[in-house]
Structure formats: C-alpha cells, structure tokens
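# Fold and geometry: a report
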Amino acid sequence: KLRKMFFSAVLHQEIAWFDANASTEFASRIAKASSAIQNGLGGKAGRILFYLGQFFAGTIIAYLKGARLAAVVTATVPFILWAGFLFGKSLELM
C-alpha cells in the first residue's frame, strides 16, 4: 500500500520534477524508502504490541491470583516509569 501511495504521489508531480529526476532512480528510491520505513517501524511496532499485551495479561493474572499484592505492585508502577524517564533523559545528556 505504501508503494502505491508513493507511486501515486510521483504521478502527481510537476513535469519539471521528471526532468530533474532520472527514471532509473525511481525504482531504487521506492525500494530505499520502503526499506527505511520497514526497518524503522516494522520490528518496533511488533515489539511494542507484544510488550503491551504481556503487561496487561500479567496485570490481569496478578489481580486474579492475589489482588492485594497486585494492588501494591501496581501502585509502584508510576514510580518505576518516572525513574525510567529520568534515566532516559540522563542518557540523552551524555
């Protein structure tokens, strides 16, 4: 679908665009663009969905097995997220 959208966008360019860009570059540009997007988002999106599903499934199972302990652990989640955020910011400053 992404390649079709890219091809459609190219077809709607001004005529001068085709003079400045060789037709042989077109196929390689499509391949490079789609590879870059797939490498950038492909694995990450899958991992994010996996980890979110794992988190929610674990939370549900924890509440079913022991609600009091799960409530205590859930109360610590904001602190853990805040610590992770601060750690990430400190790594950016290095």
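Being a predicted model, the structure only gives us computed values, none of them experimental. (Residues numbered from 1 in each chain as written. Predicted model: local features only at pLDDT ≥ 70, side-chain atom pairs only at ≥ 80, totals over all residues. Heavy atoms only, no water.)

Okay, the overall build of the protein next. What the protein contains, in helices and strands, is four helices and zero strands. Ordered by position in the sequence, the α and β elements of the protein form the string α-α-α-α. In terms of overall dimensions, the protein is more spread out than a globule: its C-alpha atoms have a radius of gyration of 23 Å, far above the 12 Å expected for 94 residues. Considering the protein as a whole, with its 94 residues, one finds that 5% of them fall into the buried category. Surface exposure of the protein reaches about 8,300 Å², of which carbon and sulfur atoms provide 71%. Considering the protein, the positive charge centre built from 10 side chains and the negative charge centre built from 4 side chains are found 24 Å apart. (Helix = DSSP H or I, 4+ residues; strand = E, 2+ residues; numbered from the N terminus. Rg over C-alpha atoms; globule rule 2.2 N^0.38 Å. Buried < 20%, exposed > 50% of the residue type's maximum accessible area, 1.4 Å probe, protein only. Areas by Shrake-Rupley, 256 points an atom, 1.4 Å probe, with all protein chains shown as cover. Lys, Arg positive; Asp, Glu negative; His and termini not counted. Charge placed at Lys NZ, Arg CZ, Asp CG, Glu CD.)

Quick look at the environment of A33 now. Along the polypeptide, A33 turns up in helix α3 (residues 23-65). On a C-alpha basis, the gap between A33 and I60 in space is 40 Å, while along the polypeptide they are 27 residues apart.

With that out of the way, let us pick up the confidence of the model for the protein. When pLDDT is averaged along the protein, the result is 84; 94% of the residues meet or exceed 70. Confidence, expressed as mean pLDDT per element, reaches its minimum in the protein at helix α2 (residues 15-20) with 72 and its maximum at helix α4 (residues 67-93) with 93. (pLDDT = per-residue confidence, 0-100.)

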